[in-house]
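Here are the chains, one letter per residue:
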Amino acid sequence: KGATPVEIDTDGIYFVPPEGVDTEKKEGAWIERLNQSLPKGIEVSVDGRYQTMFSYKRKNYALLDDKGKLIIKGSALRSRGMEKYLREFLSELIRLLLEGRAGEIAGLFRKSMEKLERHRFPIDWLAKTEALGESLESYREKVTAGKRNPSALYELALASGRSYRAGDQLSYYVTGETKKVKVYENSKLSSLYDPVSPDENIPYYQDKLLALFKKFREFLPREKTSSADS
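Scope of this entry: the structure provided in the associated data block.

Cut-offs applied
Residues numbered from 1 in each chain as written. Predicted model: local features only at pLDDT ≥ 70, side-chain atom pairs only at ≥ 80, totals over all residues. Heavy atoms only, no water. Salt bridge = Lys/Arg side-chain N within 4 Å of Asp/Glu carboxyl O. Buried < 20%, exposed > 50% of the residue type's maximum accessible area, 1.4 Å probe, protein only. Helix = DSSP H or I, 4+ residues; strand = E, 2+ residues; numbered from the N terminus. Lys, Arg positive; Asp, Glu negative; His and termini not counted. Polar contact = N/O pair within 3.5 Å; in protein donor to acceptor, adjacent residues only side chain to side chain. Contact = heavy atoms within 4.5 Å. Axes fitted to C-alpha atoms, helices over the stretch in contact; angles between N-to-C directions. Parallel < 35°, antiparallel > 145°, perpendicular 65-115°, else oblique. Left-handed = near helix turned anticlockwise from the far one by under 90°. Nonpolar A, V, L, I, M, F, W, Y, C, P; charged D, E, K, R; others polar. Pairing = 2+ DSSP bridges. Phe/Tyr/Trp six-rings, centres within 6.5 Å; stacked < 30°, edge-to-face > 60°. Patch = residues over 30% accessible without salt bridge, like charges linked within 9 Å, V, L, I, M, F, W, Y side chains within 5 Å. Areas by Shrake-Rupley, 256 points an atom, 1.4 Å probe, with all protein chains shown as cover. Charge placed at Lys NZ, Arg CZ, Asp CG, Glu CD.

With that out of the way, let us pick up the pattern of salt bridges. Under the criterion given, the structure shown has twelve salt bridges. Close ionic contact of lysine 26 with aspartate 22 constitutes a salt bridge, the shortest N to O distance being 3.5 Å. Aspartate 22 sits in the exposed class, given a relative accessible area of 57%. Here arginine 148 and glutamate 134 are joined by a salt bridge, their closest N and O atoms 2.8 Å apart. Of the two residues, arginine 148 sits in the loop between α6 (136–144) and α7 (152–160) while glutamate 134 sits in the loop between β6 (128–131) and α6, which places them 14 residues apart along the sequence. Taking the relative accessible area as the measure of exposure, arginine 148 reaches 27% and is therefore partly exposed. Sharing partners across several salt bridges, the network here consists of Arg95, Glu99, Arg101 and Glu104.

Written out as structure tokens, the structure is:
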């Protein structure tokens, strides 16, 4: 019927309407004609209209509505395991893409790298909060038997001397001075962080930011990418 599909999955179809179908009234008439051509019992209804859409990969996309609200779907774009400084960077990166301001992304990247260098991020933006999935005794036995690898979460719980149980949550950040460190040997509880003597691992967090930035390099203007990578 002249539309351009952008994303098709079990939740529905996202598409650009045909040229000239640019008002709700025209869209309604076009949808009616589309439904007339579909098998009995199958009907298309409009669930929403958006300015722009960024389709990253299957079931991972972002939408910008007419009021400027950003909607992000999919674990590749909004993983809960991602530190807050990375989530916020990615959210702003996607917004710039959707608003046609991709040329500003390299600047956003440099600004975020500088904030890390100058300890400008609150520690809770760098920390991870995880829940214990098993008892400390069970963890210790498995590590001793070689049945699992050491974990920063459990090592910190053991070192604290407190009686943590499965289900309890801890927040911690990575320390050290190089990007390649064993996290379980180089981490501290967020509650012990001293902003007067900051000891977060700047190279480690900058490397994670760079890795995230590179995933979206293909969507950036070429002349901006090389300067950001340096």
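Structurally, glutamate 200 is set in the loop between β8 (187–189) and α8 (202–215). Buried and without a salt bridge, glutamate 200 has lysine 188 as its closest oppositely charged side chain, separated by 9.1 Å. Among the polar contacts listed, one links the side chain of glutamate 200 to the side chain of histidine 119, at a separation of 2.8 Å. Polar contacts involving the side chain of glutamate 200 include one to the side chain of tyrosine 193, which spans 3.0 Å. Setting aside residues up to four positions removed in sequence, glutamate 200 forms contacts with His119, Ile123, Leu126, Tyr173, Val174, Gly176, Tyr193 and Tyr205.

A few words now on the packing of helix α3 (residues 84–98) against helix α4 (residues 105–117). Running from amino to carboxyl end, α3 crosses α4 at an angle of 165°, the nearest separation of the two axes being 10 Å. Taken together, the axes of α3 and α4 are roughly antiparallel relative to one another. Here the hand of the crossing between α3 and α4 comes out right-handed. Taking contact as the criterion, the partners of Tyr85, Phe89, Glu92, Leu93, Leu96 and Leu97 in α3 are, on α4, Ile105, Leu108, Phe109, Ser112 and Leu116. Partitioned by chemical class, the residues of the contact of α3 with α4 number nine nonpolar, one polar and one charged.

Further remarks concern the sheet that holds strand β5 (residues 70–73). Reading across from one edge, β3-β4-β5 is the order of the three strands in this open sheet, with antiparallel pairing throughout. Unpaired on one side and paired on the other, β3 (52–57) and β5 mark the two borders of the sheet. Strand-to-strand, the axes of this sheet are offset by a mean angle of 10°, without reference to chain direction. Where β3 lies against strand β4 (residues 60–64), five bridges are found, and the strand directions are antiparallel. Paired with lysine 57 across the bridge in β4 is asparagine 60.

The next subject is the packing of aromatic side chains. Per the stated rule, a full pass over the model turns up 15 aromatic pairs. With a centroid separation of 5.1 Å and 85° between ring planes, the pair formed by tyrosine 204 and tyrosine 205 is classed as edge-to-face. Judged by its relative accessible area of 15%, tyrosine 204 falls in the buried class. The class of tyrosine 205 is buried, set by a relative accessible area of 1%. Centroid distance phenylalanine 216 to phenylalanine 219: 6.3 Å. Interplanar angle 45°. Geometry classified as tilted. Phenylalanine 219 gets classed as partly exposed once you look at its relative accessible area, which sits at 28%.

A surface patch of like charges, here positive, comprises Lys69, Lys73, Arg78 and Arg80. In this structure, lysine 73 sits in strand β5. For lysine 73, a relative accessible area of 36% gives the class partly exposed.

The next thing to look at is the side chain of asparagine 60. By the secondary structure assignment, asparagine 60 is in strand β4. Taking relative accessible area as the criterion, asparagine 60 reaches 7% and is therefore assigned buried. Side-chain polar atoms of asparagine 60 contact the backbone nitrogen of alanine 76, separated by 2.8 Å. Apart from the residues lying within four places of it in its own chain, the contact partners of asparagine 60 are Phe54, Ser55, Lys73, Gly74, Ser75, Ala76 and Leu77.

Let us look at unusual backbone geometry. For lysine 59, which is not glycine, the phi dihedral falls at a positive 60°. Mapped onto the elements, lysine 59 comes out in the loop between β3 and β4. Residue lysine 59 is classed as partly exposed on the basis of its relative accessible area, which comes to 36%. Even without being glycine, histidine 119 reaches a positive phi, approximately 60°. Tracing the sequence through the fold places histidine 119 in the loop between α4 and α5 (123–126).

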